[in-house]
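Inside the fold
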Amino acid sequence: MNGDSPIQTDAIIIGAGPVGLFAVFELGLLDIKSHVIDILDRPGGQCAELYPEKPIYDIPALPIVTGQELTDRLLEQIKPFHPTFHFNERVDSLTRTEDGFELATDGGIRFRAKVVVIAAGGGSFTPKRPPLEGIEGFEGKSVFYAVKRMDEFRGRDVVIVGGGDSALDWTLNLQPIAKSMTLIHRRDEFRAAPDSVKKMRELVASGAMQLRIGQVTQLRGADGQLEGLSVRGQGTEVFDLACDRLLPFFGLTMKLGPIADWGLNLEENLIPVDTEKFQTSEPGIFAIGDINTYPGKLKLILSGFHEAALMAQQAYHIIFPGKRLLFQYTTSSSNLQKKLGVI
Amino acid sequence: MPKITYIDHEGRDFIVDGEVGQTVMETAIKHDVPGIVAECGGACSCATCHVYVDPAWRETTGEPSQMEEDMLDFAFDIRPESRLSCQLRISDAFNGLIVRIPEHQG
């Protein structure tokens, strides 16, 4: 997609968590069109990834709501503004242009926007790296946290570590093309879909692959090329396994990621903003929700909603310079009601 | 108030007053005990509040639930005494509890 011309829009919102979603609403009421980019494969941010089923008790007027319900309700609320979502994309670069900003994602999508709203919460969800000595040196060469090209594993001695759907799905998908396949998990119980577990056990029974119970304690190899693993099994058992490809699946964690390289002032991985406009050290770049900091900051979803509303006011003045902004209520303004599609 | 002892991977101990009804994770955060990350804030969905319960205390603290056992799959260096401290709710019986904090929370 590198050759394509960039997508033009008014505002880019980085992060599709509750605060990013509500920013679509507040900007939309002021006629500002948004594209929303998120590294996850669906909207909701931490609400969807960390606690979709957990009740939240401090959303005004919703005595109890789960993370998933809150996400669904926000999606419904912002429908009139037709935001465009770009999932599974991480914004890697952000540069200033003559009349705004240019952004590029790891997937090669480019955007041009007049304002950027960073609503990235705790940062990008990234795969957890097992604390094994020297693992960084093998990453991208023989240790991978996702399968981008299956050919990378063709004819290889592959070890997959984990007990969830990612681990089991890739065990089943790569087993036919791998030279050998070994699944390692710390216990003989799996969180993955029962059907995948059944298929895996059948492959083990037929001798097509191995299942070993244990935890990897050491990597062996040189120059990025993995040669084998040491594994602590059950009890006092310790064993070695030869392999040249490793896929560890230990879930996701949040890291600030490329935001750190955009030239913004940072304080302990948070972005300082003023409390009038929620603007960063760079005019036209805003930060709202858990990622920002200011005196008295509370990391609450409701604080992020408030911040989105004030941010939108300033974004309006950047996008429509010189235009007067009339303060209106959705209860009484026929202009706003038209935008919401209710009249 | 039940006294809770946290020992970090370098052997330093932190003895703090726990409150009945609070979790061992919340108590650590409240008293700035290092090494407990609690990324998800106590929802049992991140496995970054992993502790090793002292063997003498395993009976008092009981066994992890199925959900906690599943979450422990996301932690590293799991041992039989591994627990997620957000799932350890303090009662009077916890007075004197000792937990060890792993070097890495992932």
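Let me begin by describing the structure that accompanies this report. (Residues numbered from 1 in each chain as written. Chains lettered and ligands numbered in written order. Predicted model: local features only at pLDDT ≥ 70, side-chain atom pairs only at ≥ 80, totals over all residues. Heavy atoms only, no water.)

Comments concerning the overall build of chain A
- Regarding its fold elements, chain A presents eight helices and 20 strands.
- In chain A, of all internal contacts separated by at least 6 residues, the share reaching a separation of at least 24 is 57%.
- Summed over its atoms, the accessible surface of chain A is roughly 16,500 Å², and 50% of this surface lies on carbon and sulfur atoms.
- Across chain A, the centroid of the 36 positively charged side chains sits 2 Å from that of the 43 negatively charged ones. (Helix = DSSP H or I, 4+ residues; strand = E, 2+ residues; numbered from the N terminus. Contact = heavy atoms within 4.5 Å. Areas by Shrake-Rupley, 256 points an atom, 1.4 Å probe, with all protein chains shown as cover. Lys, Arg positive; Asp, Glu negative; His and termini not counted. Charge placed at Lys NZ, Arg CZ, Asp CG, Glu CD.)

Thoughts on the sheet that holds strand S16 (residues 245-248) of chain A
Residue and element names in this part refer to chain A.
- The parallel open sheet is built from four strands, whose spatial order is S12-S11-S10-S16. The sheet terminates laterally at strand S12 (210-213) and S16, the two strands that pair on one side only. For this sheet the average axis-to-axis angle between neighbouring strands, irrespective of direction, equals 20 degrees.
- The pairing of strand S11 (residues 180-185) with S12 spans four bridges and is parallel. In the strand pairing of S12, Leu183 is matched with Leu211. (Pairing = 2+ DSSP bridges. Axes fitted to C-alpha atoms, helices over the stretch in contact; angles between N-to-C directions.)

What to know about the pattern of salt bridges
- Evaluated as defined, the whole model comprises 35 salt bridges over all chains.
- Asp195(A) is the salt-bridge partner of Lys199(A), the closest N and O atoms lying 3.2 Å from each other. You can see Lys199(A) and its partner Asp195(A) sitting in helix H6 (residues 194-205), four residues apart, about one turn around the helix.
- For Asp195(A), a relative accessible area of 45% corresponds to the partly exposed category.
- Overlapping salt bridges, with partners in common, bring together Arg186(A), Arg187(A), Glu189(A), Arg191(A), Glu69(B), Asp70(B) and Asp73(B) in one network. (Salt bridge = Lys/Arg side-chain N within 4 Å of Asp/Glu carboxyl O. Buried < 20%, exposed > 50% of the residue type's maximum accessible area, 1.4 Å probe, protein only.)

A word on the side chain of Asp244(A)
Residue and element names in this part refer to chain A.
- When you line up the elements, Asp244 lands in the loop between strand S15 (238-242) and S16.
- Taking the relative accessible area as the measure of exposure, Asp244 reaches 17% and is therefore buried.
- Apart from the residues within four sequence positions on either side, Asp244 is in contact with Ser142, Arg156, Asp157, Gln225 and Leu226.

Considering helix H3 (residues 67-78) of chain A
Residue and element names in this part refer to chain A.
- Spanning 12 residues, H3 covers 17 Å between terminal C-alpha atoms, matching the ideal 16 Å at 1.5 Å per step.
- Every buried residue belonging to H3 is among Gly67, Leu70, Thr71, Leu74 and Ile78, and all of these are buried. An end-on view of H3 places all buried positions within 100 degrees of arc, on one side of the element.
- Buried residues along H3 sit in contact with helix H1 (18-29), helix H2 (46-49), strand S3 (55-56), strand S4 (65-66), strand S5 (84-86) and helix H7 (301-319). (Expected span 1.5 Å × (residues − 1). Arc of directions from axis to C-beta.)

Notes on the environment of Glu133(A)
- By secondary structure assignment, the location of Glu133(A) is in the loop between strand S9 (124-127) and helix H4 (135-138).
- A sequence separation of 85 residues divides Glu133(A) from Gln218(A), and the C-alpha atoms of the two residues are 6.9 Å apart.

A few points about the pairing of strand S1 (residues 3-7) of chain B
Residue and element names in this part refer to chain B.
- Within S1, four of the five residues are buried, which leaves the element mostly enclosed by the surrounding structure.
- Bridge count for S1 against strand S2 (residues 13-17) is five bridges, and the pairing is antiparallel. Along S2, the bridge assignment pairs Ile7 with Asp13.
- In sequence, S1 turns back onto S2 through a hairpin of five residues, with Gly11 there showing a positive phi of about 90 degrees.
- Looking at chain direction, S1 and strand S5 (residues 97-100) are connected through four bridges and run parallel. Across the sheet, Ile4 pairs through a bridge with Leu97, a residue of S5.

A closer look at the environment of Arg83(B)
Residues and elements named next belong to chain B.
- Among the structural elements, Arg83 can be located in strand S4 (residues 82-84).
- By relative accessible area, Arg83 is classed as buried at 5%.
- Remark: the alpha-carbon pair of Arg83 and Leu72, spanning 11 residues in sequence, is separated by 7.5 Å.
- Apart from the residues within four sequence positions on either side, Arg83 is in contact with Cys49, His50, Val51, Val53, Thr61, Gly62, Glu63, Pro64, Glu68, Leu72 and Leu88.
- A polar contact of 2.7 Å, which involves the side chain of Arg83, links it to the side chain of Glu68. (Polar contact = N/O pair within 3.5 Å; in protein donor to acceptor, adjacent residues only side chain to side chain.)

Focus on the packing of aromatic side chains
Residues and elements named next belong to chain A.
- Applying the stated criterion across every chain, the model contains nine aromatic pairs over all chains.
- Here the aromatic rings of Phe22 and Phe305 are separated by 4.9 Å at their centres, their planes lie at 45 degrees, and the arrangement is tilted. With Phe22 in helix H1 and Phe305 in helix H7, this pair connects stretches of sequence that are 283 residues apart.
- Relative accessible area serves as the criterion here: at 15%, Phe305 is assigned to the buried category.
- Residues Phe144 and Phe153 carry aromatic rings whose centres are separated by 5.5 Å and whose planes lie at 70 degrees to one another, so their mutual orientation is edge-to-face. (Phe/Tyr/Trp six-rings, centres within 6.5 Å; stacked < 30°, edge-to-face > 60°.)

Quick look at H1(A)
Residue and element names in this part refer to chain A.
- Between its first and last C-alpha, H1 extends 17 Å over 12 residues, near the 16 Å set by a 1.5 Å rise per residue.
- When you tally the buried positions in H1, you get 12 out of 12 residues, the bulk of the element.
- Regarding H1, the residues found buried are Pro18, Val19, Gly20, Leu21, Phe22, Ala23, Val24, Phe25, Glu26, Leu27, Gly28 and Leu29.
- One or two residues past the end of H1 sits Asp31, with phi positive at roughly 65 degrees.

Considering the side chain of Thr71(A)
All names here are of chain A.
- In this structure, Thr71 sits in helix H3.
- Classification of Thr71 as buried rests on a relative accessible area of 2%.
- Contacts of Thr71, omitting those with residues within four sequence positions, involve Leu21, Pro43, Gly44 and Cys47.

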